[in-house]
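Spelled out, the chains give:
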Amino acid sequence: MPRGVVPRQPARTGRQDKVRVGRPRPAGSTDTGVGTGAHARPSPGKTSAAAPKGRQPGKAKPAPASPAKLKGYNPIAPDRVAEILKRLNELYPAVTCALTHASAWELLVATILSAQSTDVNVNRVTPELFRKYPTVQAFAALTPEQLEPDVRSTGFFRNKSKSVVGAAKKVVAEFGGEVPDDIDKLLTLPGVARKTANVVLGSWFKKAVGVVVDTHVHRISRRLELTKENDPQKIEQDLMKIIPRERWILFSHQIIWHGRKLCIARKPKCAECALENICHAGDKTWSTVEMHKGATG
């Protein structure tokens, strides 16, 4: 390299300047997506010198076909999904549930408390909670009002107290004090929806009945174009179709950790991400590939 010449670096803001968004490159082009040089877009109101013959000045250029139509791009193609799973394995080879627990009951309580809260906050609350009430029978003996002060810091504490106490009473009365390992039975417990049931079945009982769709899985699955849905149950159904069943449990853990460490909602660390060159999310902070406007969390 000639002396004094410095290779191009990403902008300090983390955003590559003028990345093309959703616009396919011309065949044979070596355009990197930066809006300068031979392939830069002309300024509004100006006609490009290289415009095709027959184009009249002032006429709008026809909208380009989508990348999918032009290039045969399929975001849920088996090869692409397999590559995503491979890279997640390399990043997070043996991650587990981040909620601290020592039994199925403790995991159930922690998962109920984690709604609209962070795992870190829940993990601050549960050690003292389980020391104070060491068994499901101890919880079942409470009223929701008695539990409220202990879980107040997790938010929505009144509803959560009702759910935890109600679930404890039902586990004791109908399931002999043992949390059931059947999804239909779990779903009968107060405060338990499909996400909570999947967490307990997958993380404690090691049963892959579904895919946990929390806020991270919801957001990142859409960014990676693994689904276009916005409803958690529909997202889960889409993921179950393309992710091998033996990966359902680990996939959720990996995506959750990825959302905490790199793919952060407000400012994803795209320049550090091992998935960067196969991710086309429209709100990336830095990109070496096309960005698709519809691919956002």
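Preceding block: the structure.
Residues numbered from 1 in each chain as written. Predicted model: local features only at pLDDT ≥ 70, side-chain atom pairs only at ≥ 80, totals over all residues. Heavy atoms only, no water.

Visitor: Please clarify how the side chain of Lys 284 should be interpreted in this entry.
Guide: The topology assignment puts Lys 284 in the segment after α12 (248-261). Here Glu 276 takes part through its side chain, which lies 2.7 Å from a polar atom of the side chain of Lys 284. Separated by 2.8 Å, the side chain of Lys 284 and the backbone oxygen of Cys 279 make a polar contact. (Helix = DSSP H or I, 4+ residues; strand = E, 2+ residues; numbered from the N terminus. Polar contact = N/O pair within 3.5 Å; in protein donor to acceptor, adjacent residues only side chain to side chain.)

Visitor: How should I be thinking about the side chain of His 253 in this particular structure?
Guide: Examined against the element boundaries, His 253 turns out to sit in helix α12. Residue His 253 is classed as buried on the basis of its relative accessible area of 13%. Once residues lying within four places of it in the same chain are set aside, the contact partners of His 253 are Val 95, Thr 96, Cys 97 and Ser 203. (Buried < 20%, exposed > 50% of the residue type's maximum accessible area, 1.4 Å probe, protein only. Contact = heavy atoms within 4.5 Å.)

Visitor: Can you help me understand the pattern of salt bridges in this one?
Guide: In a structure, side chains of opposite charge can pair up when their charged atoms sit close to one another. Within this structure, the stated rule accounts for eight salt bridges. Lys 132 is paired through a salt bridge with Asp 150; the nearest N and O atoms lie 3.1 Å apart. Here Lys 132 is found in helix α4 (residues 119-132), whereas its partner Asp 150 is found in helix α6 (residues 144-151), with 18 residues between them in sequence. Take Lys 132: its relative accessible area is 41%, and that puts it in the partly exposed class. A salt bridge links Asp 181 to Lys 207, with the nearest nitrogen and oxygen atoms 3.3 Å apart. (Salt bridge = Lys/Arg side-chain N within 4 Å of Asp/Glu carboxyl O.)

Visitor: Explanation requested: helix α10 (residues 215-223) in the structure shown.
Guide: Structural remark: α-helix, 3.6 residues per turn; residues separated by three or four positions point the same way. Within α10, eight of the nine residues are buried, which leaves the element mostly enclosed by the surrounding structure. Three or more residues of α10 are buried, namely His 216, Val 217, His 218, Arg 219, Ile 220, Ser 221, Arg 222 and Arg 223. The opening residue of α10 is Asp 214, an N-cap whose side-chain oxygen sits 3.1 Å from the backbone nitrogen of His 216. Glu 225 lies just past α10 and shows a positive phi near 65°.

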